[in-house]
Amino acid sequence: MMAGNWKMYKTSAETSSFFEKFRGLVANAEHCEILICPPFPDLPAAASAAQGTRIGIGAQDLFWAKEGAYTGEVSAGMIRNAGCTHVIVGHSERRQYFGETNETVRKKTVAAIETGLTPIVCVGEMLEHREASQTEAVILDHCEGAMSGLTAEQFAKIIVAYEPVWAIGTGKTATPEIAADAHRVIREYARKTFGAGAAGALRILYGGSVKPDNVRGLMAQPEIDGALVGGASLDPVSFASIVNF
Ligand code: PGA
């Protein structure tokens, strides 16, 4: 899967013009799933522009309640109703700036699954963790905190994204080897907790400064099942060249 996370960029009009170009550029890409995750207000424009294509639409966050007095929040049902199939959960920017914790990530993950959305659950260490040799401990804490409460059936429905925080938006991509090592930690966690079958079937995406010129090296690692792309997904030509690597 090649997924684009637009973060807080693009209006609905800009969304429509992205799709006008992007659709044709990825029309022959059948080797992977393609996903675009725009800001909430752009979801209907994106879903309508993606109709009749293989491009899926995802949201960047959700709230776990079905409805209620939760000013500013958006439920899984609303996201689905807007035409989404996927939702990003626990992105490091949400953990850093908006108080997201393993507990809220778990609740959001369950709400997404129960509503028929595929959650893309993000995990990953900060630079200080890596420098203190705590990378593995942090990845395991994110996995255990957010995923251990899931049933095997629920776990089978999630996608995990490994996103080292020091590589996000910095231009510093993890080397393919560093990324693959982290993916192995996640897969081993999945094996111990949910069994070999679940671990083998789990898709793990890498995210953090994925660009057209480094995507091939990353995808050459058998451990890496796709990419979650921020900055380089905003331009149709650049994201299409990542999809068509
Ligand atoms: P980036 O963002 O590709 O701009 O580093 C990745 C992400 O945050 O998902």
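Residues numbered from 1 in each chain as written. Predicted model: local features only at pLDDT ≥ 70, side-chain atom pairs only at ≥ 80, totals over all residues. Heavy atoms only, no water.

**Some words on the layout of surface pockets**
Empty space left among the atoms is revealed by rolling a probe the size of a water molecule over them.
Here is step 1 of the chain: By volume, the largest pocket is sized at about 490 Å³.
Here is step 2 of the chain: Lining the largest pocket are 18 residues, with Lys7, Gln60, Asp61, Arg94 and Phe98 positioned closest to its centre.
Here is step 3 of the chain: With three residues, helix 4 (residues 92–97) is the single largest residue contributor to the lining of the largest pocket.
Here is step 4 of the chain: A per-class count over the lining of the largest pocket returns nine nonpolar, four polar and five charged.
Here is step 5 of the chain: Along its surface, the second largest pocket is lined by 18 residues, and Lys7, Ile168, Gly169, Gly230 and Gly231 are the ones closest to its centre.
Here is step 6 of the chain: Its residues assigned to classes, the lining of the second largest pocket comprises eight nonpolar, seven polar and three charged. (1 Å grid on protein atoms, 1.4 Å probe; cavity = no way out; pocket = protein on both sides within 12 Å on 5 of 7 lines; lining within 4 Å. Points joined across faces, edges and corners; volume = space filled by probe spheres on them. Helix = DSSP H or I, 4+ residues; strand = E, 2+ residues; numbered from the N terminus. Nonpolar A, V, L, I, M, F, W, Y, C, P; charged D, E, K, R; others polar.)

**Side note on the site of the ligand**
Here is step 1 of the chain: Around the ligand there are 13 residues in total, and Lys7, His91, Glu163, Gly169 and Ser209 lie nearest to it.
Here is step 2 of the chain: Contact distances for the ligand include 2.7 Å between an oxygen atom and a side-chain N or O atom of His91.
Here is step 3 of the chain: For the ligand, whose accessible area on its own is 290 Å², the fraction buried by protein is 97%.
Here is step 4 of the chain: Assessed atom by atom at 2 Å from the grid points, the ligand resides in the second largest pocket.
Here is step 5 of the chain: Looking at the shell around the ligand, its residues break down into four nonpolar, seven polar and two charged. (Near = heavy atom within 4 Å. Polar contact = N/O pair within 3.5 Å; in protein donor to acceptor, adjacent residues only side chain to side chain. Areas by Shrake-Rupley, 256 points an atom, 1.4 Å probe, with all protein chains shown as cover. Sits in = over half its atoms within 2 Å of the grid points.)

**Topic: the nonpolar core**
Here is step 1 of the chain: Counting 68 residues, the largest nonpolar core has Phe19, Phe22 and Met147 as its most contacted members.
Here is step 2 of the chain: Top element by residues in this core is helix 9 (residues 176–194). It accounts for seven residues.
Here is step 3 of the chain: Ignoring sequence-local partners within four residues, the contact set of Phe22 consists of Ile34, Ile36, Ile55, Pro236, Phe239, Ala240 and Val243. (Core = buried A, V, L, I, M, F, W, Y, C linked by side-chain atoms within 4.5 Å. Buried < 20%, exposed > 50% of the residue type's maximum accessible area, 1.4 Å probe, protein only. Contact = heavy atoms within 4.5 Å.)

**Remarks on the environment of Gly24**
Here is step 1 of the chain: Examined against the element boundaries, Gly24 turns out to sit in helix 1 (residues 12–25).
Here is step 2 of the chain: Judged by its relative accessible area of 56%, Gly24 falls in the exposed class.
Here is step 3 of the chain: Each C-alpha atom, one on Gly24 and one on Val243, is 12 Å from the other, the two residues being 219 residues apart in sequence.

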